[in-house]
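# Architecture and fold: a report
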Amino acid sequence: MQRILVILAILVLCFELYRLLRCGWIRRILKKKKEAKQARKPRGMKPKSERDCPFCMQEKRKLKLALPEMPLPWSLRKGRGGPNKKISTEGFFGPNVTCEYYGISNETIHALVGYGCHGKHEMIQDLKCQACQKKFTIRKHTILYRLKTQSGLVEKILWLLALGVDASAIEEVFGISEITIRTWLCRSGMQSKKLHERFMIELDLIHVQLDELWANVKHSGQEMWVWVASDVTTKIVPVIQIGGRTQVMAYQVVHELKGRLRPGCVPVFSTDGLRLYFYSLTAHFGQWEPLVGKELIWVLLSDFIYAQVIKHQRRRRTVEVERRILCGEELNYRQRLKSAGLSGRINTPFVERGNLTIRQFVSKLTRRTWEPAHYTSELVEPLEWWRCYYHFVSCHESLSVALAKPRQKKENQQPTRYRKRTPTTLAPQCAAPNAVRCGGWIDESTLDGKGVIELSFALIGFGNRRGK
Ligand SMILES: [Zn+2]
Ligand SMILES: [Zn+2]
């Protein structure tokens with residue numbers, strides 16, 4: 001009996017010993033694995049050059065058209081006769097492409113005069129070009145052109161659309177058919193795009209974060225993504241594009257971004273771990289330098305700093321965040337961000353927050369939406385309209401500045417201590433709300449036959465109402 005007990009005790013002891021050893025062994029293997037993982041370095045990625053970007057090459061091939069000469073001011077040509085100017089026509093030009101005054105918005109030069117009004121509910125000004133005798137309404141090429149609905153209602157509905165209310169919900173409340181609402185949204189999307197092209201130029205950005213968010217498009221044939229670039233200090237979103245997760249798309253996004261920057265401005269970049277960004281960024285932020293006895297080589301700019309933030313996930317939870325600098329020095333990265341009043345950390349929180357904002361305000365991108373987009377175009381227009389609203393109208397909480405002297409209100413009310421600002425108020429070249437007035441805004445950058453491009457009434461209405 002005793003023997004059996006001893007044997008049993010020895011067996012138990014052996015088993016315990018085996019278990020302990022096994023635990024230690026497994027721990028050692030795991031530790032080794034972890035150490036090996038930490039030492040992981042990015043695989044050899046070679047920078048690309050300008051020649052790899054199809055859009056850069058396309059641009060190089062394009063010939064630049066010479067600007068037409070300025071014609072003689074109409075006031076000098078017509079002499080003393082003819083009608084006098086009673087209303088200001090500054091900022092307009094006629095839709096006639098063949099007219100020699102086409103594209104000239106300066107009222108001291110062009111041949112426009114007032115030509116009465118029309119409209120049942122609202123007075124809509126008409127203009128006439130004395131040189132070519134063409135008449136047109138100031139609503140031409142605006143959202144409101146040939147709309148019978150009152151501009152106030154159109155404004156209200158577009159406002160709701162910019163805040164992410166679905167068209168079907170608006171139909172139920174206002175009794176306007178969904179097709180009509182979609183037409184308005186389509187128009188405002190197109191206008192917003194033009195507005196963006198006009199004002200988002202020569203931007204001086206400090207820290208640009210890039211990211212992409214998945215878009216639910218039914219009949220796209222491939223996975224669609226919304227590519228977003230946003231600046232941390234001004235909160236401007238210089239680029240939004242929809243497309244697959246391909247290298248060509250990455251080139252297109254960075255190409256547009258570079259085109260919107262002031263020449264010589266090289267912001268600090270941070271993105272997620274997608275390799276496509278590395279190739280497209282290096283292809284755009286470098287220059288050709290001659291080597292002795294060899295042809296030109298593509299060298300990255302000394303100011304160019306690019307960092308990646310890679311989030312390792314397990315069961316939908318972030319377990320590890322890996323940060324690495326792929327181009328430039330980490331010290332420079334921190335210094336440049338700190339000098340701009342930022343934390344200097346390597347991360348991408350702003351663009352991620354921005355993506356959530358987009359999801360919230362574009363009803364087609366909402367998670368678990370009732371009605372996902374069928375085609376990509378259904379997403380482009382609401383996105384453009386949202387961006388226009390976001391840039392020029394909505395005030396960003398973090399951009400508010402404290403007033404030197406609080407503005408007093410009525411007796412019992414709290415004084416105003418902060419001045420609200422929109423993202424574009426921080427970029428001087430985007431000072432659109434000052435430059436535009438009712439239907440009086442033109443675009444010189446698109447003189448390729450598109451005619452007058454004017455800002456929507458709706459947008460200006462918002463601006464006024466928000467007390468800007
Ligand atoms: Zn390019
Ligand atoms: Zn004319």
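### Some points on the overall build of the protein chain
In terms of helices and strands, the protein chain carries 13 helices and 13 strands. In the protein chain, which comprises 468 residues, the share counted as buried stands at 32%. Nonlocal contacts in the protein chain, meaning residues at least 24 apart in sequence, comprise 60% of its contacts between residues at least 6 apart.

### Topic: the pairing of strand 11 (residues 317-327)
Bridge count between strand 10 (residues 305-314) and strand 11: nine bridges; the pairing is antiparallel. In the sheet register, Lys311 faces strand 11, and the bridge partner there is Val321. What sits between the antiparallel neighbours strand 10 and strand 11 is a turn of two residues, in which Arg315 has the positive phi angle 50°.

### Quick look at the sheet that holds strand 1 (residues 112-118)
Across the sheet, which stays open at both edges, the three strands sit in the order 1-2-3 with antiparallel pairing between neighbours. Edge strands, defined here as strands with exactly one partner in the open sheet, are strand 1 and strand 3 (135-137). Direction aside, neighbouring strands of the sheet carry axes that sit 30° apart on average. The pairing of strand 2 (residues 124-129) with strand 3 spans three bridges and is antiparallel. In the sheet register, Asp126 faces strand 3, and the bridge partner there is Thr137.

### A short note on the sheet that holds strand 6 (residues 239-243)
With respect to topology, six strands assemble into an open sheet ordered 6-5-4-7-10-11, the strand pairing being mixed. Edge strands, defined here as strands with exactly one partner in the open sheet, are strand 6 and strand 11. Taken over all neighbouring pairs, the strand axes of this sheet differ in orientation by 20° on average, direction set aside. Bridging between strand 5 (residues 224-231) and strand 6 involves five bridges; their strand directions are antiparallel. Bridging from a neighbouring strand, Val226 pairs with Ile242 of strand 6.

### Observations regarding the nonpolar core
For soluble globular proteins, nonpolar side chains are generally found buried alongside one another. Ranked by internal contacts, the top residues of the largest apolar core, which has 66 residues, are Ala229 and Trp386. Among the elements that line this core, the one with the most residues is helix 11 (residues 377-392), at eight residues. Look past the residues within four positions of Ala229 in its chain and what remains in contact with it is Val208, Leu210, Val237, Pro238, Val239, Val253 and Leu257. In this structure, Ile104, Leu112, Cys129 and Ile138 belong to the second largest nonpolar core, which totals 12 residues.

### Here's the deal with helix 6 (residues 178-199)
Along its 22 residues, helix 6 runs 31 Å from first to last C-alpha, staying within 8% of the 32 Å computed at 1.5 Å per residue. Of all the residues in helix 6, the buried ones are Ile181, Trp184, Leu185, Arg187, Ser188, Gly189, Gln191, Ser192, Lys194, Leu195, His196 and Phe199.

### So, the confidence of the model for the protein chain
Per-residue pLDDT for the protein chain averages 80, and the proportion of residues at 70 or more is 86%. Contacts for the low-pLDDT stretch residues 431-468, under 50 throughout, to residues beyond four places or in other chains number 78 contacts.

### Things to note about the pairing of strand 1
As judged from the five bridges shared by strand 1 and strand 2, these two strands associate in the antiparallel manner. The partner of Val113 across the bridge, within strand 2, is Lys128.

### Notes on the packing of helix 2 (residues 54-61) against helix 7 (residues 247-260)
Running from N to C, helix 2 and helix 7 point in directions that differ by 55°, and their axes come no closer than 8 Å. Overall, the two elements helix 2 and helix 7 adopt an arrangement that is oblique. On the side of helix 2, the interface is formed by Pro54, Phe55 and Cys56, while helix 7 contributes Val248, Tyr251, Gln252 and His255. Among the residues forming the contact of helix 2 with helix 7, the class breakdown is five nonpolar, two polar and no charged.

Procedures and definitions
- Residues numbered from 1 in each chain as written.
- Chains lettered and ligands numbered in written order.
- Predicted model: local features only at pLDDT ≥ 70, side-chain atom pairs only at ≥ 80, totals over all residues.
- Helix = DSSP H or I, 4+ residues; strand = E, 2+ residues; numbered from the N terminus.
- Buried ≥ 20, exposed ≤ 12 C-beta atoms within 10 Å, placed from the backbone.
- Contact = placed C-beta atoms within 7 Å.
- Pairing = 2+ DSSP bridges.
- Axes fitted to C-alpha atoms, helices over the stretch in contact; angles between N-to-C directions.
- Core = buried A, V, L, I, M, F, W, Y, C linked by C-beta atoms within 7 Å.
- Expected span 1.5 Å × (residues − 1).
- pLDDT = per-residue confidence, 0-100.
- Parallel < 35°, antiparallel > 145°, perpendicular 65-115°, else oblique.
- Nonpolar A, V, L, I, M, F, W, Y, C, P; charged D, E, K, R; others polar.

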